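# Examination of the molecular architecture
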Amino acid sequence: MPEASMRSGHKFAAEDSLADAVVRSAAMLAGFDEPRREARRLVAAAAEMDAAQLIAAPDSKLGAPAALRLDEILVRRLAHEPLSRILGSREFFGREFALSSETLDPRPDTEVLIEAAKELAHEEGWYDRPFHLIDVGTGTGILAITMLAEFSNATALATDISAQALATAQSNAERLGVADRIRFLEARSLKGVEGSFDLLMSNPPYIVSADIGTLDAEVRLYDPLAALDGGPDGLQVYREIVADLSHSVPQGWALFEVGADQASDVAGLLKGQEVRELRMWKDLGNHTRCVAGRTQF
């Protein structure tokens, strides 16, 4: 590496090959899961190319702008900033969603809610008739937007307490071609929500306040606190939503993502509102991830 690059503190130089940049990046990421895979994605992002281009031209030079970007990207990743936040997006149910500082970084486990909703849609006949859904605490918009993309006969309202999160969700809806079937509302839980819905979906904040400090750095330092903190027992937002179900979902289904050991508590809240039927779904880790209740008020 040229002396000037070493003096500047940069770890990569313009004349470095892409292959060498991947090898050295992977070595720096040795303490992370799948360091080689992460290194390829980071080098590709720095070089502004996709994985196929990276693999096809391993001997190509990194170039000065990409070398500088790679230096900056690795500093962020070594500080445990999630790869998805560095790249600016996360894949969910086969679609790419942009992130912002005010949105939760979507987790693969949340896809269970989509699978549950599709199962219920089949049972309720929603594949054959229009239906209206609400996504409470939409964040990036993954639940509402994915449902609209999967069901051309659906319309949606997406709410969030963050105006920036709603702007991110709206941008995702526009890019994924469903903006004409979704509305956005800045609101907490179901407060101020008008109209009735066939389906409510929500991944609310459910971490117990006292446990926030024990979360992994990638979550604790980079996900917005408002999207994590569920109050003293983790159930505060569930209580708020369930209390207003009768006017928002008078006849339909309410689906919630739940945290570890929370399924019975959320089911109890739904039972307290005389929900007729309770259903649960597990994620790939065999943890109960989704609790749903049929409403008929």
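Up top is the structure.
Residues numbered from 1 in each chain as written. Predicted model: local features only at pLDDT ≥ 70, side-chain atom pairs only at ≥ 80, totals over all residues. Heavy atoms only, no water.

Turning our attention to the overall build of the chain. Counting its regular elements, the chain contains 13 helices and 9 strands. Across its three principal directions, the C-alpha atoms of the chain cover 75 × 40 × 35 Å. Within the chain, the proportion of its 297 residues that are buried is 48%. In the structure as shown, the chain presents an accessible area of about 13,700 Å², 50% of it carried by carbon and sulfur atoms. Computed over 30 positive and 46 negative side-chain charges, the inter-centroid distance for the chain is 2 Å. (Helix = DSSP H or I, 4+ residues; strand = E, 2+ residues; numbered from the N terminus. Buried < 20%, exposed > 50% of the residue type's maximum accessible area, 1.4 Å probe, protein only. Areas by Shrake-Rupley, 256 points an atom, 1.4 Å probe, with all protein chains shown as cover. Lys, Arg positive; Asp, Glu negative; His and termini not counted. Charge placed at Lys NZ, Arg CZ, Asp CG, Glu CD.)

Below, the discussion takes up the packing of aromatic side chains. This structure, assessed with the given rule, holds 5 aromatic pairs. Here the aromatic rings of Phe92 and Phe97 are separated by 6.3 Å at their centres, their planes lie at 80°, and the arrangement is edge-to-face. Overall, the relative accessible area of 0% leaves Phe97 in the buried class. With 5.3 Å between their ring centres and 85° between their planes, Phe131 and Phe151 make a pair best called edge-to-face. Residue Phe131 is found in strand S3 (residues 131–136), and its partner Phe151 is found in the loop between helix H8 (142–150) and strand S4 (154–160); the two are separated by 20 residues along the sequence. By relative accessible area, Phe131 is classed as buried at 3%. Connected via pairs of aromatic rings, a cluster forms that spans Trp126, Tyr127, Phe131 and Phe151. (Phe/Tyr/Trp six-rings, centres within 6.5 Å; stacked < 30°, edge-to-face > 60°.)

Among the residues of helix H11 (residues 236–243), those classed as buried are Val237, Tyr238, Glu240, Ile241 and Val242. For H11, the secondary structure elements touched by its buried residues are S3, strand S6 (199–202), helix H12 (245–248), strand S7 (251–257) and helix H13 (263–272). (Contact = heavy atoms within 4.5 Å.)

Here we take up the layout of surface pockets. For the largest pocket, the calculated volume is near 1,200 Å³. Lining the largest pocket are 42 residues, with Arg90, Asp105, Arg107, Glu218 and Val219 sitting closest to its centre. Contributing elements (two or more residues each) for the lining of the largest pocket: helix H3 (35–46), helix H6 (83–87), strand S1 (89–92) and helix H10 (217–220). Contributing to the lining of the second largest pocket are 29 residues, with Gly137, Asp160, Pro205, Ala226 and Ala227 lying nearest its centre. For the lining of the second largest pocket, the secondary structure elements donating two or more residues are S3 and H8. (1 Å grid on protein atoms, 1.4 Å probe; cavity = no way out; pocket = protein on both sides within 12 Å on 5 of 7 lines; lining within 4 Å. Points joined across faces, edges and corners; volume = space filled by probe spheres on them.)

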